[in-house]
Amino acid sequence: MESKCRYRKVAVLLSSYNGERFIREQIESICAQTYPNLTLYVRDDGSTDGTVEILEEYQRQEKLVLLKGENLGFIGSFFRLLRDCGRADGGFAQNPETDRTEENPNTADYYAWCDQDDIWMPDKIERAVEWLEKDRMQHPVLYFAGYDYYDENMKFEKHGLVHERGPSFANSLMDCIPLGFTSVFNSKAREMMLAQIPEHCCGHDWWTYMVCAAFGRVLYDKEYCAVKYRRLQTSVSPGGKNFIALQIWRFRKFFMNDYFAKIREQLREFAAIYGEQLSPENRKIMKLFTGSRYSLPRALKKTFYPVWFRQGLTEELMVRVLFLIGRL
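Below is a short write-up of the structure. Here the structure is a predicted model, which means the values were calculated and not measured.

Criteria and cut-off values
Residues numbered from 1 in each chain as written. Predicted model: local features only at pLDDT ≥ 70, side-chain atom pairs only at ≥ 80, totals over all residues. Heavy atoms only, no water. Helix = DSSP H or I, 4+ residues; strand = E, 2+ residues; numbered from the N terminus. Buried < 20%, exposed > 50% of the residue type's maximum accessible area, 1.4 Å probe, protein only. Areas by Shrake-Rupley, 256 points an atom, 1.4 Å probe, with all protein chains shown as cover. Pairing = 2+ DSSP bridges. Polar contact = N/O pair within 3.5 Å; in protein donor to acceptor, adjacent residues only side chain to side chain. Contact = heavy atoms within 4.5 Å. Salt bridge = Lys/Arg side-chain N within 4 Å of Asp/Glu carboxyl O. Patch = residues over 30% accessible without salt bridge, like charges linked within 9 Å, V, L, I, M, F, W, Y side chains within 5 Å. Axes fitted to C-alpha atoms, helices over the stretch in contact; angles between N-to-C directions. Parallel < 35°, antiparallel > 145°, perpendicular 65-115°, else oblique. Left-handed = near helix turned anticlockwise from the far one by under 90°. Nonpolar A, V, L, I, M, F, W, Y, C, P; charged D, E, K, R; others polar.

1. A closer look at the overall build of the protein chain
Here is step 1 of the chain: Check the secondary structure of the protein chain and you find 13 helices and nine strands.
Here is step 2 of the chain: Looking at the protein chain as a whole, 52% of its 328 residues qualify as buried.
Here is step 3 of the chain: Carbon and sulfur atoms make up 51% of the accessible area of the protein chain, which amounts to about 15,600 Å² in all.

2. Remarks on the environment of Thr48
Here is step 1 of the chain: Relative to the assigned elements, Thr48 resides in the loop between strand S2 (38–44) and helix H2 (51–60).
Here is step 2 of the chain: Counting along the chain gives 30 residues from Thr48 to Asn18, while the straight-line C-alpha distance between them is 6.2 Å.

3. Considerations on the pairing of strand S7 (residues 156–159)
Here is step 1 of the chain: Relative to S7, strand S6 (residues 141–150) runs antiparallel, the two sharing three bridges. When the sheet's bridge partners are listed, Tyr149 is paired in S7 with Lys158.
Here is step 2 of the chain: Counted between consecutive antiparallel strands, the loop separating S6 from S7 contains five residues, among which Met154 sits at a positive phi close to 60 degrees.

4. Brief notes about the side chain of Asp148
Here is step 1 of the chain: You can see Asp148 is positioned in strand S6.
Here is step 2 of the chain: Within the structure, the side chain of Asp148 is placed 2.8 Å from the side chain of His159, a separation counted as a polar contact.
Here is step 3 of the chain: Residues within four places of Asp148 in sequence aside, it is in contact with Phe156, Lys158, His159, Gly160, Cys225, Val227, Lys228 and Tyr229.

5. Observations concerning unusual backbone geometry
Here is step 1 of the chain: Of note, the phi angle at Glu62 is positive, near 60 degrees, even though the residue is not glycine.
Here is step 2 of the chain: Following the sequence through the fold, Glu62 ends up in the loop between H2 and strand S3 (65–68).
Here is step 3 of the chain: You can call Glu62 exposed: its relative accessible area is 73%.
Here is step 4 of the chain: The phi dihedral of Met154 is positive, around 60 degrees, even though this residue is not glycine.
Here is step 5 of the chain: Relative to the assigned elements, Met154 resides in the loop between S6 and S7.
Here is step 6 of the chain: The exposure class assigned to Met154 is buried, which follows from its relative accessible area of 17%.

6. Things to note about the pairing of strand S1 (residues 10–16)
Looking along a regular strand, one sees the side chains alternate between the two faces of the sheet.
Here is step 1 of the chain: Within S1, seven of the seven residues are buried, which leaves the element mostly enclosed by the surrounding structure.
Here is step 2 of the chain: Here S1 shows two buried faces, one formed by Val10, Val12, Leu14 and Ser16 and the other by Ala11, Leu13 and Ser15.
Here is step 3 of the chain: Summarising the sheet, S1 and S2 pair through seven bridges and their orientation is parallel. Across the sheet, the residue bridging to Ala11 is Thr39, located in S2.

7. Examining the pattern of salt bridges
Here is step 1 of the chain: For the structure shown, the criterion picks out 14 salt bridges.
Here is step 2 of the chain: For the salt bridge of Glu57 with Arg24, the shortest nitrogen-to-oxygen distance reads 2.8 Å. Placement of the pair is Glu57 in helix H2 and Arg24 in helix H1 (residues 23–31), with a sequence separation of 33 residues.
Here is step 3 of the chain: The class of Glu57 is partly exposed, set by a relative accessible area of 25%.
Here is step 4 of the chain: Ionic pairing is found between Lys188 and Glu191, a salt bridge with its closest N-O pair at 3.2 Å. Here the residue Lys188 and the residue Glu191 both occupy positions in helix H7 (residues 187–195), the gap between them amounting to three residues, near one helical turn.
Here is step 5 of the chain: Under the relative-accessibility criterion, Lys188 is labelled partly exposed at 23%.

8. Overview of a nonpolar patch on the surface
Here is step 1 of the chain: A grouping of Tyr294, Leu296, Leu300, Phe304, Val321, Leu324 and Ile325 is seen on the molecular surface, where their side chains present a nonpolar patch of about 680 Å² in accessible area.
Here is step 2 of the chain: The set of elements that each furnish at least two residues to the nonpolar patch consists of helix H12 (296–303) and helix H13 (313–325).
Here is step 3 of the chain: Here the element with the most residues in the nonpolar patch is H13; it accounts for three residues.
Here is step 4 of the chain: Looking at where Leu296 falls in the secondary structure, it is placed in helix H12.
Here is step 5 of the chain: Judged by its relative accessible area of 47%, Leu296 falls in the partly exposed class.

9. Notes on helix H3 (residues 74–84)
Here is step 1 of the chain: Across the eleven residues of H3, eight count as buried, placing the element largely inside the fold.
Here is step 2 of the chain: The complete set of buried residues in H3 reads Ile75, Ser77, Phe78, Phe79, Leu81, Leu82, Arg83 and Asp84.

10. Regarding the packing of H7 against helix H8 (residues 204–215)
Here is step 1 of the chain: Close contact between H7 and H8 brings their axes to 10 Å; oriented N to C, the two are set at 110 degrees. In terms of orientation, H7 and H8 fall into the roughly perpendicular class. At the point where H7 passes H8, the crossing takes the right-handed sense. Every residue of H8 that contacts H7 at Ala189, Met192 and Met193 is listed here: Trp207, Thr208, Val211, Cys212 and Phe215.
Here is step 2 of the chain: Across the contact of H7 with H8, the residue classes tally to seven nonpolar, one polar and no charged.

Shape descriptors only; they carry no functional weight alone.
Structure, rendered in structure tokens:
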């Protein structure tokens, strides 16, 4: 890495909640990063176990900046941390409207979402900065990479998915392929997100993806494994399932509950906040998903729209059926 890159400040943003079992391993992997100009900010989201005591121990060692607050849920906690991470005193803003526009010299060049129970590869941040430094334009840029699945005891299970079609704005409307624990984004993306924090959002990482795909660039480092992704026994995400179990899970999610109701809300809010700023083509795509009533002509147009919304053929066919019957 060129020496000038090492002067870019990176803020790692970790939201914790009852994570005493594994959070030490995650913190140690962040402290072991090869990138030198890095600060770890942790917001505890109202833990009731020993998580806060562990975090306070690391804070005394000056290995992190700790912010504590009420339970907001993981999405709200991450956005609060994104807003407050630059405050020199480590406290929370008393006036969100004022703080939102406040010039703060402690904000970073790049920001990395971070979960509490994974393990990062030592050069995760260094590699992300190398990629991000290739694009220093004033638009939002998101970098993300691959990962491997591990069990609770950090025993390797399988390699993570490779998204062959890659990122796009259309894909960002229906899917979040840049998972938060591999994502690093620039200060312009942070600025755009903090201009109006969403109320109806499926995930802090998904919202980041949509903003960067709509207004900037999304860089996919698919040849690199950035994270050992710990799969807990209580995990409900589908990545570790076998093929048949995965298809059953997808069918139930897509057709037997209203999973996509939250996605519809997210799309409408995104259009309300950013719709006028979208390019003509992106505005055209977004308009298909913001109607309040079912329209057969619009449903047919969505069904046969000539772009890929998901990464795989099975998922793509499923969402096309949902378009047709008005579930999306």
